[in-house]
Amino acid sequence: MNPKIDRLIKQFARLPRLGSRAAGRIVLSLLQDKSGRAENLANALLDAAATIRPCPTCGVLTDATTTCEFCRDASRANGQLCLVRDLADVWTLEKSAIFHGRYHILGGLLSGVAGTTPDDLHIANLSDRIRDEHITEIIFALPNTVEGKTTQHYVMSIIGTTQDVKFSELASGVPLGGDLDYLDDGTLSLAFGGRREL
Ligand SMILES: [Zn+2]
């Protein structure tokens, strides 16, 4: 195979949920396209890679130079802070339009197996956020797994004793081991609406 094409296929094959066969089909489709899709894709990637950064406050990816769209939106300052594992969970919740508070992306879950420790989580500014943004409820929207529960208990242990804030978690309906993005909007809405206080 041509080394340039081979290199492209290898890059695509590293992407989540793409194997080398799917990567090959994508590369073929891009290279045979006459409408400039390959150039458009390359330009969009370069632009995003150069400008998109995590919001220092919540962790959402943004091209804003200070804080992100969510953190600047005053209508979201309703006292609710939803803790999620990653940005895909924010997208899932936004798509279902059931939550209109602020988000906090942890960037991972505590895991002995994966070697993820509290130092790896984006939690250093959590206490400041609760105070500065007058947070009254922290909603855990984490996977219903050992790692999700361990992380939840850890966050509660570092926040609970120092600040007057209530904790809640999504109601049953989130399948064991399930990720948020596997839930349909109806199930997610029920789980969110029926969340239980901890
Ligand atoms: Zn933000």
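The model shown is predicted, which means the values in this text are computed figures rather than measured ones. Per chain, residue numbering runs from 1 following the sequence as it is written. In keeping with the model being predicted, local features are shown solely for residues with a pLDDT of at least 70 and side-chain atom pairs are shown and tallied solely at 80 or more, while totals for entire chains, interfaces and linings include all residues.

### Some remarks on the overall build of the chain
A run of DSSP states H or I qualifies as a helix once it reaches four residues; a run of E qualifies as a strand once it reaches two. Both are numbered from the N-terminal end. Check the secondary structure of the chain and you find eight helices and seven strands. With C-beta atoms placed from the backbone, the exposure class of a residue follows from how many other C-beta atoms lie within 10 Å of its own: 20 or more, buried; 12 or fewer, exposed; in between, partly exposed. Looking at the chain as a whole, 23% of its 198 residues qualify as buried. Note on contacts: residues are paired as contacts if their backbone-placed C-beta atoms lie within 7 Å. Pairs at least 24 residues apart make up 55% of the contacts formed inside the chain by residues separated by at least 6 positions.

### A word on the sheet that holds strand S4 (residues 102-105)
One key point about sheets: their strands pair by backbone hydrogen bonds, in either a parallel or an antiparallel sense. Any two strands with at least two DSSP-identified bridges between them are counted as paired. Here five strands make up an open sheet; going across it, the order is S4-S3-S5-S6-S7 and the pairing mixed. Two strands bound the open sheet, and with one partner strand each, they are S4 and strand S7 (196-197). Sheet topology note: the strand S6 (residues 166-169)/S7 ladder contains two bridges and is antiparallel. Each residue of the ladder has a partner; that of Glu 169, found in S7, is Arg 196.

### Brief notes about the domain arrangement of the chain
Note that the domain bounds were set by an automatic or database domain assignment. You can read the domains of the chain as domain 1 (3-51) and domain 2 (54-197). A straight line from the C-alpha centre of domain 1 to that of domain 2 covers 32 Å.

### Re the pairing of S4
Burial along S4 is two-sided: the face carrying Arg 102 and His 104 and the face carrying Tyr 103 and Ile 105 are both buried. Handedness of a crossover is defined as follows: orient the strands so they point away from the viewer, and if the path from the first strand over the helix to the second runs clockwise, the crossover is right-handed. As a crossover connection, the stretch from strand S3 (residues 80-84) through helix H5 (residues 87-96) into S4 is right-handed.

### Focus: the packing of helix H1 (residues 3-13) against helix H2 (residues 20-32)
Between N-to-C directions, angles cover 0 to 180 degrees, with each direction set by a line fitted to C-alpha atoms, over the stretch in contact for helices. It is at 8 Å that the axes of H1 and H2 come closest, and there the two elements cross at 125°. When the axes of H1 and H2 are compared, the pair comes out oblique. Crossing hand, H1 versus H2: right-handed. Taken together, the residues of H2 that come into contact with H1 (itself represented by Ile 5, Leu 8, Ile 9, Phe 12 and Ala 13) are Ser 20, Ala 23, Gly 24, Ile 26 and Val 27. Just so you know how the angles are binned, under 35 degrees is roughly parallel, over 145 roughly antiparallel, 65 to 115 roughly perpendicular, and the rest oblique. Two helices cross in a left-handed way if the nearer one is turned anticlockwise from the farther one by less than a right angle. They cross in a right-handed way if the turn is clockwise.

### Details of unusual backbone geometry
A positive phi angle is found at Arg 17, which is not glycine, with a value near 65°. The class for Arg 17 is exposed, based on 5 C-beta atoms found within 10 Å. Backbone geometry at Ala 97 places phi at a positive 55°, although glycine is not the residue there. Its location among the elements puts Ala 97 in the loop between H5 and S4. Residue class for Ala 97 comes out exposed when judged on the 9 C-beta atoms lying within 10 Å of it.

### Observations regarding helix H8 (residues 185-193)
Those residues of H8 that sit buried are Leu 188, Ala 191 and Phe 192. End-on, the buried residues of H8 take up no more than an arc of 95°, which puts them together on one face. For H8, exposure combined with an orientation more than 90 degrees from the buried face picks out Gly 186 and Gly 193. Looking at the packing, one finds that the buried side of H8 touches H5. Our arc is simply the arc of the directions from the helix axis toward the C-beta atoms.

### Observations concerning the nonpolar core
For this entry, the nonpolar core is defined as buried Ala, Val, Leu, Ile, Met, Phe, Trp, Tyr and Cys residues connected by C-beta atoms within 7 Å. Counting 28 residues, the largest nonpolar core has Cys 82, Leu 83, Val 84, Tyr 103, Ile 105 and Ala 141 as its most contacted members. Counting only elements with at least two residues in this core, the list comes to S3, H5, S4, helix H6 (126-132), strand S5 (137-140) and H8. Here this core gets four residues from one element, more than from any other, and that element is S3.

### Considering the environment of Asp 185
On the secondary structure map, Asp 185 appears in helix H8. Once the C-alpha coordinates of Asp 185 and Glu 39 are considered, the two residues, 146 residues apart in sequence, prove to be 35 Å apart.

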